[in-house]
Amino acid sequence: MSDKSSQRFPWLGLLALAMAGFIAIMTETLPAGLLPQIKEGLQVSEAGAGQLVTFYAVGSLIAAIPVAVLTRGWRRRPLLLLAIIGFLIFNTITALSSNYILTLVARFFAGVAAGVSWGLIGSYALRMVPDHLKGRGMAVAMIGTPIALSFGVPAGTLLGSFMGWRSVFWLMSLLAFVLIFWVLWKVPDYPGQSADQRISSTKVLLTPGVIPILAVVLTWMLAHNILYTYIAPFLADVGLESKVGLMLLVFGLMALVGIWITGMLIDRWLRMLVLISLAGFALISLVLGLWSEHAVVVFGSVALWGLTFGGAATLLQTALAQAAGEQGVDIVMPINTTVWNLAIAIGGLAGGVLLNQWGASSFTWAILLLTLVALIVALRAKGHGFRSARSR
């Protein structure tokens, strides 16, 4: 009997999915904190070491939709296990490799594994829980992301400084190995879609509500990533360069609070939570644009930023699942993964252009504009996008 059919909340199964997300985010972002060591270990430039992040993101971006289309008839647990085994294999190769090209190839295929896992986690969580707890189930399944961003990367960077960068990738391989058995123990299996159930990606995209939600994903995450990617130069611009680590810790702690609040309220107040989060982020950008010379304002704004961002992935994926319906959910989640990674990539490029052309102070106004666009789209998408689960 499945966890859903027993009407019990499947904590251990959902936390296994959260661990998969944790490993995916950790694997993606670890090189950013270990660039000097990787540079020495692979005998490349720091920019060359930075391409380990780029190749991973490209793998996720390219693979998410095609792999989902090709594998949507597969049973779900074997596919999830295949993605986790991918993390195990390619993190192990990264830990062992002294060849730069081989390392880049391993990073690309680790990104492919991430693309597969991100396409599964959300839809898997929704299938594991009773209908009236879908939002809470999604919140638990997504909690690995803020934990990895808040504590995992700094901890990995600290470990790398003591034990060497390769040991951190060995640790990721060990976590993946443990997770294989955890999934076999507590994550139920589900069938893929039969041929007569499958609908095209185009039809999923044209389902009412899907494109507006994806537009909010793109604009919200683009705004977030401009500031998050370039938080160090932004803080340096306001005289807080020594507080980057503390700021990211504050952001991470408040993001955890945000995801907890989201998990408690999403099944009744999804739409309101989206609107409040976007309005809050717009207010933060305005306040930072006007009064960022005051340290207390910056700390308070970063805390509120973390609070508004913590539940974002849960809110957006739940809204997409509701809009796409059961037949479309296995395709719309990989599309969401692609749009999300596209926002990360564009955020890095756009932030760099803004920084070089107008300085870090220009970030807040770009963020305000993007967030207001997202808020307007969300406000207008009342009929089919951003509904509460209980209003269906």
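What counts and what doesn't
- The residue numbers shown here count from 1 along each chain, following its written sequence.
- Only residues with pLDDT of at least 70 are given local features in this predicted model, and only at 80 or more are side-chain atom pairs given and counted; all residues enter the totals for whole chains, interfaces and linings.
- As a rule here, side-chain values come from all non-hydrogen atoms in the structure, and water together with hydrogens is ignored.
- Helix and strand labels come from DSSP, where a helix needs a run of H or I of at least four residues and a strand needs a run of E of at least two; each type is numbered from the N terminus.
- One less than the number of residues in a helix, times 1.5 Å, gives the span that helix is expected to have.
- We call a residue buried when its accessible area falls under 20% of the maximum for its residue type, exposed when it is over 50%, and partly exposed in between, using a 1.4 Å probe and counting protein chains only.
- For this analysis, residues touch if any pair of their heavy atoms sits within 4.5 Å.
- Bear in mind that the domain bounds are from an automatic or database domain assignment.
- Buried area is understood as the total, over both parts, of accessible area removed when two parts are fitted together, assessed with a 1.4 Å probe.
- For salt bridges, the criterion is a side-chain nitrogen of Lys or Arg within 4 Å of an Asp or Glu carboxyl oxygen.
- What qualifies as a polar contact is a pair of N or O atoms within 3.5 Å, subject to a donor-acceptor requirement within protein and to the restriction that residues adjacent in sequence count only when both atoms come from side chains.
- For helices, the fitted axis covers only the stretch in contact; all axes are lines through C-alpha atoms, and the angles between them, taken along N-to-C directions, range from 0 to 180 degrees.
- Here the word oblique covers every angle except those under 35 degrees (roughly parallel), over 145 (roughly antiparallel) and from 65 to 115 (roughly perpendicular).
- Crossing handedness: left-handed means the near helix sits turned counterclockwise from the far one by under a right angle, and right-handed means the same turn made clockwise.
- Residue polarity follows a fixed list, in which Ala, Val, Leu, Ile, Met, Phe, Trp, Tyr, Cys and Pro are nonpolar, Asp, Glu, Lys and Arg are charged, and the others, Gly among them, are polar.
- In this scheme, the bend at a residue equals the angle between the axes fitted to the seven residues that finish there and the seven that begin there.
- Within the patch definition used here, like charges are joined within 9 Å and nonpolar side chains (Val, Leu, Ile, Met, Phe, Trp, Tyr) within 5 Å, considering only residues with over 30% relative accessible area and no salt bridge.
- Here the accessible surface of atoms and residues is derived via Shrake-Rupley with a 1.4 Å probe, and residues count as covered only by protein chains that are part of the display.

Draft legend 1. Spatial organisation of helix α4 (residues 76-96). With 21 residues, α4 should reach 30 Å at 1.5 Å per residue; the first-to-last C-alpha distance of 31 Å fits that figure. Buried within α4 are the following residues: R76, L79, L80, L81, A83, I84, G86, F87, N91, T92, T94 and A95. Buried residues along α4 sit against α1 (11-33), α3 (46-71), α5 (100-128), α8 (165-186) and α14 (312-358).

Draft legend 2. How the structure looks around the domain arrangement of the protein. Per the domain assignment, the segments making up the protein are domain 1 (10-191) and domain 2 (202-391). The C-alpha centroid of domain 2 is placed 22 Å from the C-alpha centroid of domain 1. Regarding the contact of domain 1 and domain 2, the summed buried area is about 2,500 Å², with carbon and sulfur atoms giving 69% of it. Applying the counting criterion to the domain 1 and domain 2 interface returns one salt bridge. We note a salt bridge from D330 to R76, for which the minimum N-O separation is 3.9 Å. Where domain 1 touches domain 2, the interface holds four residue pairs in polar contact (both at pLDDT 80 or more).

Draft legend 3. Summary view of the packing of α4 against α5. As a packed pair, α4 and α5 sit with axes 8 Å apart at the nearest point and diverge in direction by 150°. Taken together, the axes of α4 and α5 lie roughly antiparallel to each other. Relative to α5, α4 is oriented so that their crossing is left-handed. Considering only residue class, the contact of α4 with α5 consists of 15 nonpolar, four polar and four charged.

Draft legend 4. The arrangement of α1 in detail. Between its first and last C-alpha, α1 extends 31 Å over 23 residues, near the 33 Å set by a 1.5 Å rise per residue. Maximal helix bending in α1 amounts to about 35°, located at T27; proline P31 follows within four positions. Within α1, 17 of the 23 residues are buried, which leaves the element mostly enclosed by the surrounding structure.

Draft legend 5. How the structure looks around a nonpolar patch on the surface. Among the surface-exposed residues, L158, L159, F162, M163, L171, L174, F177, V178, F181 and L184 lie close enough to one another that they form a single nonpolar patch of about 1,000 Å² accessible area. Secondary-structure elements contributing two or more residues to the nonpolar patch are α7 (144-163) and α8. A total of six residues in the nonpolar patch trace back to one element, the largest contributor, which is α8. Note that L171 resides in helix α8.

Draft legend 6. Structural view of the side chain of T308. Structurally, T308 can be placed in helix α13 (residues 295-310). Judged by relative accessible area, T308 falls into the buried class, the value being 7%. Setting aside its immediate chain neighbours within four residues, T308 contacts W220, S277, G280, F281 and I284.

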